[in-house]
Amino acid sequence: MARIPYILVDAFAPAPGAGNRVAIVLDARGMGLEEMQTIARRLGEAETAFLTERRETVFGVRFFTPKEEVEFSGHAAVALGLSLVRLGLAPEGIGRLYLHTPTEALPVEIVYEGGAPVKALVRGPSPRFRDLPPFEALRAALEALGTNERYLHRGLPYGIAYTGLWSLFVPLIAPGVVDALEPEMPALLEVSRKLEVATVHAYAPMGPRSFYARDFAPLLGIPEDPVTGSANAALGALLARAGVVPKREGRVQLTVYQGHRLGNPGVVEVLVEYSPTGLPYGVRIGGEAALVFTGEL
């Protein structure tokens, strides 16, 4: 039986042992969906990316959790983009490559320092928004998270947004309140099912353009995701749409810190681009990544 090469990469971190770990299967050409799902379950990481096609600067990719395929995984895309260049699978010195998912092509910008690739910026799926859920649903989410209305930040938006996964966003007054959350997972799972969201994303301000967050995804079989790309991209779009972050030259850059509560600190750069009407139309997320392990199945 042919061996299946894979790597483990910590995304949104400059060195191993932080950020969010992703498994990348380097050659999934000819694999069926059932085989990919079995491998994702066997590798056991929150996300596994499968490289299904390689053509110069265009790479086919599919993303899986241990339970199901997902349309987009931000941290996996960042890790994959950097890994393709570092492993020589993409042309040397390339500044942009494209990840083709089953639904769209995602451009990835590679940032170099001293000739070495150090960061990847991925443009995720276009942001979408749902109608504001009733306040009773927000109250239920707060209770499931282990907090209450006293700690709700009234000046920041709550709501449901999408850049690859639908997430409910719950603003709290301070990072310490976010860190103190002790969610009741069965209750949070019920909230997620009722609102049809993949994750519940609690966040708090650290400055005008910086935020602290934790992300809970019991519906995906992930009690807490250490550092989340897609949800933080949607958070940036939600903040921009609500007008609570400043606009400058048609775009705004935010920084989201996540993973500290789990001992896996990571930093996500979020760049929101505005249309001429002032609405957010595109979001890029970026950061560093570090190779942890190379192996075969």
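Cut-offs applied
- Residues numbered from 1 in each chain as written.
- Predicted model: local features only at pLDDT ≥ 70, side-chain atom pairs only at ≥ 80, totals over all residues.
- Heavy atoms only, no water.
- Helix = DSSP H or I, 4+ residues; strand = E, 2+ residues; numbered from the N terminus.
- Rg over C-alpha atoms; globule rule 2.2 N^0.38 Å.
- Areas by Shrake-Rupley, 256 points an atom, 1.4 Å probe, with all protein chains shown as cover.
- Buried < 20%, exposed > 50% of the residue type's maximum accessible area, 1.4 Å probe, protein only.
- Polar contact = N/O pair within 3.5 Å; in protein donor to acceptor, adjacent residues only side chain to side chain.
- Contact = heavy atoms within 4.5 Å.
- Salt bridge = Lys/Arg side-chain N within 4 Å of Asp/Glu carboxyl O.
- 1 Å grid on protein atoms, 1.4 Å probe; cavity = no way out; pocket = protein on both sides within 12 Å on 5 of 7 lines; lining within 4 Å.
- Points joined across faces, edges and corners; volume = space filled by probe spheres on them.
- Nonpolar A, V, L, I, M, F, W, Y, C, P; charged D, E, K, R; others polar.
- Core = buried A, V, L, I, M, F, W, Y, C linked by side-chain atoms within 4.5 Å.
- Phe/Tyr/Trp six-rings, centres within 6.5 Å; stacked < 30°, edge-to-face > 60°.
- Lys NZ or Arg CZ within 6 Å of the ring centre and 35° of its normal.
- Arc of directions from axis to C-beta.

Undergrad: So what exactly am I meant to see when it comes to the overall build of the chain here?
TA: When helices and strands are tallied, the chain shows six helices and 18 strands. Relative to the compact-globule value of 19 Å for 297 residues, the chain shows a C-alpha radius of gyration of 18 Å, a close match. Structurally, the chain occupies a C-alpha span of about 55 × 45 × 30 Å along its principal axes. Carbon and sulfur atoms make up 50% of the accessible area of the chain, which amounts to about 12400 Å² in all.

Undergrad: Is there a simple way to explain the side chain of threonine 228 in this structure?
TA: Counting through the fold element by element, threonine 228 comes out in the loop between strand E14 (222-225) and helix H6 (229-242). On the accessibility criterion, threonine 228 (5% relative accessible area) is buried. Within the structure, the side chain of threonine 228 is placed 3.1 Å from the side chain of aspartate 225, a separation counted as a polar contact. Within the structure, the side chain of threonine 228 is placed 3.0 Å from the side chain of glutamine 258, a separation counted as a polar contact. Excluding anything up to four places from it in sequence, threonine 228 contacts Phe12, His201, Asp215, Gln258 and Val268.

Undergrad: Before we go on, may I ask you to explain unusual backbone geometry in this structure?
TA: With glycine set apart, most residues show a phi of negative sign, and most peptide bonds adopt trans. With a phi close to 65°, phenylalanine 12 is a non-glycine residue in the positive phi region. Along the polypeptide, phenylalanine 12 turns up in the loop between strand E1 (5-11) and strand E2 (20-25). Overall, phenylalanine 12 belongs to the buried group, its relative accessible area being 3%. Despite not being glycine, glutamate 56 shows a phi value in the positive range, around 55°. On the secondary structure map, glutamate 56 appears in the loop between strand E3 (48-55) and strand E4 (58-64). On the basis of relative accessibility, which here comes to 64%, the residue glutamate 56 falls in the exposed class.

Undergrad: Sorry if this is basic, but what is going on with the pattern of salt bridges here?
TA: Any two side chains of opposite charge can pair, on the condition that their charged atoms come close. Using the criterion set out here, one finds 13 salt bridges in the structure. Close ionic contact of glutamate 273 with arginine 284 constitutes a salt bridge, the shortest N to O distance being 3.9 Å. Taken together, the positions of glutamate 273 in strand E16 (residues 266-274) and arginine 284 in strand E17 (residues 280-287) put the pair 11 residues apart, joining distant regions of the chain. Judged by its relative accessible area of 14%, arginine 284 falls in the buried class. Bridged by salt links that share partners, the residues Glu109, Arg123, Glu273 and Arg284 form one connected network.

Undergrad: When you look at empty space enclosed by the protein in this model, what are you seeing that I'm missing?
TA: In this approach a probe as big as a water molecule rolls over the atoms, and the regions it shows empty are the leftover space. Here the structure, examined in full by the defined rule, presents one cavity of 30 Å³ or more. Surrounding the largest cavity, 15 residues form its lining, Glu47, Leu165, Asp225, Thr228 and Ser230 being those nearest its centre. Of the residues belonging to the lining of the largest cavity, the class tally is five nonpolar, seven polar and three charged.

Undergrad: Which parts of the structure should I look at to understand the nonpolar core?
TA: Looking at soluble globular proteins, one finds that nonpolar side chains tend to be buried together. Among the nonpolar cores identified, the biggest contains 62 residues, and Ile24, Leu97 and Leu99 are the most heavily contacted of them. It is helix H2 (residues 74-86) that provides the largest number of residues to this core, a total of eight residues. With sequence-adjacent residues up to four places away left out, leucine 97 is seen in contact with Thr57, Phe59, Gly81, Leu84, Val85, Ala90, Leu106, Pro107, Val108 and Ile110. Counting residues in hydrophobic clusters, the runner-up holds 26 residues, among them Leu152, Val170, Val191 and Ala202.

Undergrad: I would appreciate a short explanation of the environment of glutamate 68 in the present structure.
TA: Mapped onto the secondary structure, glutamate 68 falls in the loop between E4 and strand E5 (69-70). In this structure glutamate 68 comes out as partly exposed when scored by relative accessible area, which is 34%. Taking the C-alpha atoms as reference points, glutamate 68 and threonine 103, separated by 35 residues in sequence, lie 16 Å from one another.

Undergrad: Explain the packing of aromatic side chains to me, please; I cannot follow it from the model alone.
TA: Between two aromatic rings, the relevant description is the distance of the centres plus the angle of the planes. Summed over all chains, the structure comprises six aromatic pairs. When the ring of phenylalanine 135 is compared with that of tyrosine 158, the centres are 6.5 Å apart and the planes differ by 80°; the resulting orientation is edge-to-face. One end of the pair, phenylalanine 135, is in helix H3 (residues 135-145); the other, tyrosine 158, is in the loop between H3 and strand E10 (159-162), with 23 residues separating them in the sequence. With relative accessibility at 26%, the residue phenylalanine 135 sits in the partly exposed group. A centroid spacing of 6.1 Å and a plane angle of 65° characterise the contact between tyrosine 203 and phenylalanine 211, whose relative ring orientation is edge-to-face. Taking NZ or CZ as reference, arginine 128 lies 4.1 Å from the ring centre of tyrosine 162, over its face.

Undergrad: I tried to follow helix H1 (residues 33-43) on my own but got confused; where do I start?
TA: It helps to recall that an α-helix has 3.6 residues per turn; residues three or four apart then point in one direction. The set of residues buried in H1 consists of Met36, Gln37, Ile39, Ala40 and Leu43. All buried residues of H1 lie within an arc of 165° about the axis, which places them on one face of the element. Facing away from the buried side of H1 by more than 90 degrees, the exposed set consists of Glu34 and Arg42. Next to the buried residues of H1 lie E1, E2, E3, E4 and E5.

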